[in-house]
Amino acid sequence: MKTFCIKSPDKAMQQDIQAKIDNLNKPKGSLGRLEELAMQVCLIQQTLTPSLAHPCHLLLGGDHGIEREGVSVSPREVTWQQMINFTRGGGGVNMFCRQHGFKLRIVDVGVDYDFSGIDNIIDCKIARGTKNFLYEPAMSEEEFDKAIQIGSDLVDDCIAEGCQILCIGEMGIGNTSPSSIWLSLLGDFPLIDCIGAGAGLDAPGIRHKYEILSKALSHYKSNLSPLTSNFSPLIYFGGFEMIAAIGAMLRAAEAHIIILVDGFIMTACALATIRLYPDSLDYMIFTHCGDEKAHKMMLEMVDAKPLLNLGLRLGEGTGALCAFPIVDSAVRMINEMNNFDNAKITKYF
């Protein structure tokens, strides 16, 4: 895997940022999370006048071998069908990108379909889906490295256009399964606590999913003991779109770009990113917490306070896009609100 140079933002200007926030014409601390977000964004960009220029959204698609085991209520073909739908502007991700001015890049990292002749899908296909991790590793180390590089290169394309804020979405039927296993392994939680309904499984479906993933996890542990590598669970269970998302997050953190983290799948990718490079956490804003217990467990692992809880479980990065206006409000607050001196208001604290 390529190496990244990721360091926490310099805190030297923290007092100056706090002074500017406290001198805005409002009671001290009265804008709550907006003040915290303004501080984070200012530190990331190392400025008292932050901006959110050229927001970009990466929509990464990939299929999963484990889907063959009936762990998802949606069939595999929905992945490629939705990817084509996105090119026509008909998805939830399209609507929210239009609403909030995000440039959308639709990327095939490993979909089990030939998109030849279809415009507006970036071809980064590694293979037509991962292997079935019930029986063997989902990908090779070489494929893992390639997916990391793809994610990093996509962010470089955004940087070249002046991007200062990035969010990432996924399209891959079955990708809640590797996310659940990553949580179990990285958080040392019982697997049963890490599995939910995904896109809509009923109680028997959840039991079946647990049985399949439990067998896969048992095979993994018997073949890889002791577990010493941070890469092992990522390679063995991950999807190409998920590993590419990790590569994108790592490059964005390296470049001091704000990362809006979406729901369950992308939080799993963020968790893996933080495990590899702990300082990358400082560049992440966690935007949404779904209703599933496992997602809440992930967020608690990194002491994250998500901005929204709307019951979303669509994926595609829609929760991150919905939260963007809150981050925008925080930036407008520190840039556009008057201060006590200019407004000729008595500072009473």
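Going by the structure above, here's the rest.
The residue count restarts for each chain, going from 1 along the sequence in the order it is written. This being a predicted model, a pLDDT of at least 70 is required before a residue's local features are given, and a value of 80 or more before pairs of side-chain atoms are given or counted; all residues contribute to the totals for chains, interfaces and linings. Excluding hydrogens and water, the side-chain figures rest on all heavy atoms present in the structure.

Novice: Looking at this model, I keep getting lost on the pairing of strand β2 (residues 103-110). Mind explaining?
Specialist: On a regular strand, one side chain projects to one face of the sheet and the next to the other, so that they alternate. Throughout, exposure labels follow a simple rule: accessible area from a 1.4 Å probe, protein chains only, divided by the maximum for the residue type, with under 20% read as buried, over 50% as exposed, and the rest as partly exposed. For helices the rule is a DSSP run of H or I covering at least 4 residues; for strands it is a run of E covering at least 2, with both sets numbered from the N terminus onward. With respect to burial, β2 is a largely interior element, six of its eight residues being buried. In this description, strands pair whenever DSSP reports at least two bridges between them. Where strand β1 (residues 56-62) meets β2, seven bridges bridge the pair, whose relative direction is parallel. By the bridge assignment for β2, L59 is matched with I106. Where β2 and strand β3 (residues 122-123) come together, two bridges link them in parallel fashion. Within β3, the position partnered with V107 by the bridge is I122.

Novice: Explain unusual backbone geometry to me, please; I cannot follow it from the model alone.
Specialist: What you tend to see is this: most non-glycine residues have negative phi, and most peptide bonds are trans. Within the chain, Q46 stands out as a residue other than glycine whose phi angle is a positive 55°. Mapped onto the fold, Q46 is located in the loop between α2 (32-45) and β1. Overall, the relative accessible area of 33% leaves Q46 in the partly exposed class. Within the chain, D303 stands out as a residue other than glycine whose phi angle is a positive 55°. Structurally, D303 is set in the loop between α11 (293-301) and α12 (318-336). Given a relative accessible area of 67%, D303 falls into the exposed group.

Novice: Looking at this structure, how should I read the nonpolar core?
Specialist: Of all hydrophobic cores here, the largest spans 119 residues; its most connected members are L166, W182, I246 and L260. No other element matches helix α9 (residues 240-254), which puts eleven residues into this core. In this structure, W182 is in contact with G187, P233, L234, F237, G238, M242, I243, I246, A268, C269 and A272, ignoring residues within four places of it in sequence. The criterion is simple. A nonpolar core is a set of buried Ala, Val, Leu, Ile, Met, Phe, Trp, Tyr and Cys residues joined through side-chain atoms within 4.5 Å. Contacts between residues were defined by any pair of non-hydrogen atoms, one from each residue, lying within 4.5 Å.

Novice: When you look at the side chain of S280 in this model, what are you seeing that I'm missing?
Specialist: In this structure, S280 sits in the loop between α10 (264-276) and β6 (284-286). Once residues lying within four places of it in the same chain are set aside, the contact partners of S280 are I6, A253, T273 and I274.

Novice: Would you mind going over the sheet that holds β6 with me for this structure?
Specialist: As a general point, the strands of a sheet are linked pairwise by backbone hydrogen bonds and lie either parallel or antiparallel. If you trace the six strands from one edge of the open sheet to the other, you get β3-β2-β1-β4-β5-β6, paired in parallel fashion. Where the open sheet ends on each side, the last strands, each with one partner, are β3 and β6. In this description, a line fitted to the C-alpha atoms serves as the axis of each element, helices being fitted only across the stretch in contact, and the angle between N-to-C directions of two axes falls anywhere from 0 to 180 degrees. Helix α5 (residues 141-160) rests against β1, β2 and β4 (165-171) of the sheet, and its axis sits at about 155° to β1.

Novice: Explain the packing of aromatic side chains to me, please; I cannot follow it from the model alone.
Specialist: The description of an aromatic ring pair rests on the distance of the ring centres and on the angle between the ring planes. Each pair of aromatic rings taken from Phe, Tyr and Trp, with Trp reduced to its six-membered ring, is defined by centres within 6.5 Å and is described as stacked if the planes are under 30 degrees apart, edge-to-face if over 60, and tilted in the remaining cases. All told, the structure shown has eight aromatic pairs when counted by the stated rule. Ring centres 4.0 Å apart and planes at 5° place the aromatic pair W80 and Y113 in the stacked group. Of the two residues, W80 sits in helix α3 (residues 77-87) while Y113 sits in the loop between β2 and β3, which places them 33 residues apart along the sequence. Each member of the aromatic cluster is reached from another via a ring pair, and the members are F133, Y220, Y236 and F237.

Novice: Would you explain the layout of surface pockets in this entry?
Specialist: The gaps left among the atoms become clear once a water-sized probe is rolled over them. Considered as a void within the structure, the second largest pocket measures approximately 550 Å³ in volume. The method works on a 1 Å grid over the protein atoms by themselves. A cavity is a set of points holding a 1.4 Å probe that cannot get out, a pocket is an open set with protein on both sides within 12 Å along at least five of seven lines, and residues with an atom within 4 Å of a point line them. Lining the second largest pocket are 23 residues, and of these R33, E36, Q40, D282 and M284 lie nearest its centre. Breaking the lining of the second largest pocket down by element, the ones donating at least two residues are α1 (14-22), α2 and β6. With eight residues, the single largest contributor to the lining of the second largest pocket is α2. Here the residues of the lining of the second largest pocket sort into 13 nonpolar, three polar and seven charged. Grid points are joined across faces, edges and corners, and a volume is the space filled by probe spheres set on the points. Each residue is assigned to one of three groups, with Ala, Val, Leu, Ile, Met, Phe, Trp, Tyr, Cys and Pro labelled nonpolar, Asp, Glu, Lys and Arg labelled charged, and all others, Gly among them, labelled polar.

Novice: Can you help me understand the packing of α10 against α11 in this one?
Specialist: Any two packed helices are characterised by the angle at which their axes cross and by the distance between the axes. Running from N to C, α10 and α11 cross one another at 30°; their axes reach a closest spacing of 10 Å. Judged by the angle between their axes, α10 and α11 are roughly parallel. The two elements α10 and α11 cross, and the hand of that crossing is left-handed. When α10 is examined against α11, the residues F264, T267, A268, L271 and R275 are found in contact with a partner set consisting of A294, H295, M298, L299 and M301. In these notes the angle categories are as follows: under 35 degrees is roughly parallel, over 145 is roughly antiparallel, 65 to 115 is roughly perpendicular, and the rest is oblique. Crossings are classed by handedness, with left-handed meaning an anticlockwise turn of the near helix from the far one by less than a right angle and right-handed meaning a clockwise turn.

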